[in-house]
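Tertiary structure, described
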Amino acid sequence: MLFDSSDINAANTAFSAVCSGRADASGLIAAASSLIPISAAFCVINRENRQPVYLADTYPAGAAKAAVQLYVESTYLLNPVYNAVLSGVSPGLHRMADLAPDNWNPASVDATVLVENEEEIGYRTPGWPAGLQELALLVRLPDGAMGELSMARPAVDGGFCDDHLNRLRPFLPLFECAFQQLWERQDHGGAPKPEPARLEAFGRDVLSAREAEVMQLILKGHSSLSISLTLGIAVPTVKTHRRNAYAKLGVSTQQQLFNAFLTWRAEDSSAKT
């Protein structure tokens, strides 16, 4: 897959506009779109124990764009990319499916998240276009933050192949430079906003420490076998902890657990505002 000179010129023009302050994060999406085929994308800055900083997106107005905001406000806590960032993932290009747990499939009885077995990561937020594969471009920023450009392309069109990643890699330093400029434009002063509820705090008032760990991993999409390997306990023990935790939380399914988590987090956020 060869570059056309017009593609490189368009990408460099977009990078220049962002780095010079003449364009916002939409310029990063424009640069990437000049290099590889993208149907939609969003750009955020991830921070530990903070909601992502929303920068830009190109999802269609309406349900799809609202789905991006839902992600920024709530479901990022369960997202494979966000959790990979917390775990120290290296900067660079990462397919979403490569970062996802073995059973990442959250679903809510109030339709906050829809189960979609054909999705590469097993779920889809209502409003989010169906059948997309996602590619995350990550760059390291000061204070432990990490810039993220999340790009999407229909699976029926082949998603993102190795050639697409190879086209982007030479431009990673320019993406990093542009993200640095965007980071410097953020307001890092003033009184800090209340921190959102952390996933680790969910159920701690009623669950044992081990039960809480199991619930966190279930919410992140791990299967019983994956939890067993992660925590170093037997699968029957995992199932016992899950059964006991479900009883204490008043839920009986993973869907109800996910709904209980979102309700708890919304109530915590309301109490802090």
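Residues numbered from 1 in each chain as written. Predicted model: local features only at pLDDT ≥ 70, side-chain atom pairs only at ≥ 80, totals over all residues. Heavy atoms only, no water.

**Looking at the overall build of the protein**
The condition is simple: Labels follow the DSSP assignment, with helices taken as runs of H or I lasting at least four residues and strands as runs of E lasting at least two, numbered in each case from the N terminus. For the exposure calls, accessible area comes from a 1.4 Å probe over protein chains only, and a residue counts as buried if that area is under 20% of its type's maximum, exposed if over 50%, partly exposed in between. Should any heavy atoms of two residues lie within 4.5 Å, those residues are counted as being in contact. Per-residue and other accessible areas were derived by the Shrake-Rupley procedure at a 1.4 Å probe size, with only the shown protein chains allowed to occlude residues.
Along the backbone of the protein there are 11 helices and seven strands. Within the protein, buried positions represent 48% of all 273 residues. A separation of at least 24 residues holds for 62% of the contacts in the protein among residues at least 6 apart in sequence. Surface summary for the protein: the accessible area is close to 12400 Å², and the carbon and sulfur share equals 51%.

**Structural notes on the packing of aromatic side chains**
Here is the rule: Aromatic rings from Phe, Tyr and Trp, with only the six-membered ring used for Trp, were paired whenever their centres fell within 6.5 Å, and each pair was classed as stacked if the ring planes differed by under 30 degrees, edge-to-face if by over 60, and tilted otherwise.
If you walk through the whole model with that rule in mind, you get seven aromatic pairs. The interplanar angle of 85° and the centroid separation of 4.9 Å between the aromatic rings of Tyr76 and Tyr82 together place this pair among those described as edge-to-face. Both residues of the pair, Tyr76 and Tyr82, count as buried. Relative to Phe261, the ring of Phe202 has its centre 5.6 Å away and its plane inclined at 85°; by these criteria the two rings are edge-to-face. On the criterion of sequence distance, the pair formed by Phe202 in the loop between helix H7 (172-184) and helix H8 (209-219) and Phe261 in helix H11 (residues 254-272) is long-range, its members being 59 residues apart. Its relative accessible area of 4% is what places Phe202 among the buried residues. Among the aromatic residues, those joined into a ring-pair cluster are Phe15, Phe171 and Phe175.

**Observations concerning H7**
The test is simple: Multiplying 1.5 Å by the helix residue count minus one yields the expected span of that helix. Taken from the helix axis, the directions to the C-beta atoms give the arc we talk about.
Its 13 residues give H7 an end-to-end C-alpha distance of 18 Å, which sits within 8% of 18 Å, the value for a rise of 1.5 Å per residue. Where H7 is concerned, the buried positions are Phe175, Ala178, Phe179, Leu182 and Trp183. Viewed end-on, H7 has its buried residues packed into an arc of 145°, placing them on one side of the element. More than 90 degrees from the buried face of H7, the exposed residues found are Pro173 and Glu184.

**Thoughts on the environment of Gln256**
Relative to the helices and strands, Gln256 is located in helix H11. Taking C-alpha positions, Gln256 is 9.3 Å from Tyr246, a pair spaced 10 residues apart along the chain.

**Points about the pairing of strand S6 (residues 132-140)**
Regular strands show a simple pattern: their side chains alternate between the two faces of the sheet. The condition that has to hold: The criterion for strand pairing is that DSSP finds at least two bridges linking the strands in question.
Burial analysis of S6 places seven of its nine residues in the buried class, which makes it a mostly covered element. One ladder, built from four bridges, connects strand S3 (residues 92-95) with S6; its direction is antiparallel. Bridge pairing links Gly92 to Leu138 in S6. Relative to strand S7 (residues 146-154), S6 runs antiparallel, the two being bridged by nine bridges. Directly across from Leu137, in S7, lies its bridge partner Leu149.

**A word on the nonpolar core**
Test applied: Among the buried residues, those of types Ala, Val, Leu, Ile, Met, Phe, Trp, Tyr and Cys that are joined through side-chain atoms within 4.5 Å form a nonpolar core.
Among the nonpolar cores identified, the biggest contains 37 residues, and Leu149, Met151, Phe175 and Phe179 are the most heavily contacted of them. Those elements that provide at least two residues to this core are helix H1 (5-19), helix H2 (26-35), strand S1 (40-47), strand S2 (50-57), S6, S7, helix H6 (162-168) and H7. Setting aside chain neighbours within four positions, we find Phe179 in contact with Leu28, Cys43, Val44, Leu55, Val139, Leu141, Gly147, Glu148 and Leu149. In terms of nonpolar packing, the next biggest core, distinct from the first, is built from 34 residues, Tyr59, Ala152, Met215 and Ile227 among them.

**Quick notes on the pattern of salt bridges**
Definition in use: Salt bridges are identified by distance alone: a Lys or Arg side-chain nitrogen within 4 Å of an Asp or Glu carboxyl oxygen.
This structure, assessed with the given rule, holds five salt bridges. The residue Lys65 makes a salt bridge to Asp57 at a minimum N-O spacing of 2.7 Å. With a closest N to O distance of 2.9 Å, Arg210 and Glu213 form a salt bridge. With Arg210 and Glu213 both in helix H8 and three residues apart, this pair spans about one turn of that helix. We classify Arg210 as partly exposed; its relative accessible area is 29%.

**Brief notes about unusual backbone geometry**
Although it is not a glycine, Asp143 sits at a positive phi angle of roughly 60°. Of note, Asp143 is situated in the loop between S6 and S7.

**Considerations on the sheet that holds S3**
The cut-off we apply is this: In this description, a line fitted to the C-alpha atoms serves as the axis of each element, helices being fitted only across the stretch in contact, and the angle between N-to-C directions of two axes falls anywhere from 0 to 180 degrees.
Spatially, the five strands line up as an open sheet ordered S2-S1-S7-S6-S3, and their pairing is antiparallel. The sheet is open, and its two edges are formed by S2 and S3, each paired on a single side. Recorded for the sheet is a direction-independent mean angle of 25° between the axes of neighbouring strands. Packing of H2 onto the sheet brings it into contact with S1, S2 and S7, and relative to S7 it is tilted by some 45°. Packed onto the sheet, helix H3 (residues 63-73) meets S1, S2 and S7 and runs at close to 155° relative to S2.

**A word on the confidence of the model for the protein**
Going by this rule: Here pLDDT means the predictor's own confidence in every residue, given as a number from 0 to 100.
Scored by pLDDT, the protein comes out at a mean of 85, with 84% of its residues at no less than 70. Between residues 105-124, whose pLDDT stays under 50, and residues either more than four places distant or in other chains, the model counts 63 contacts.

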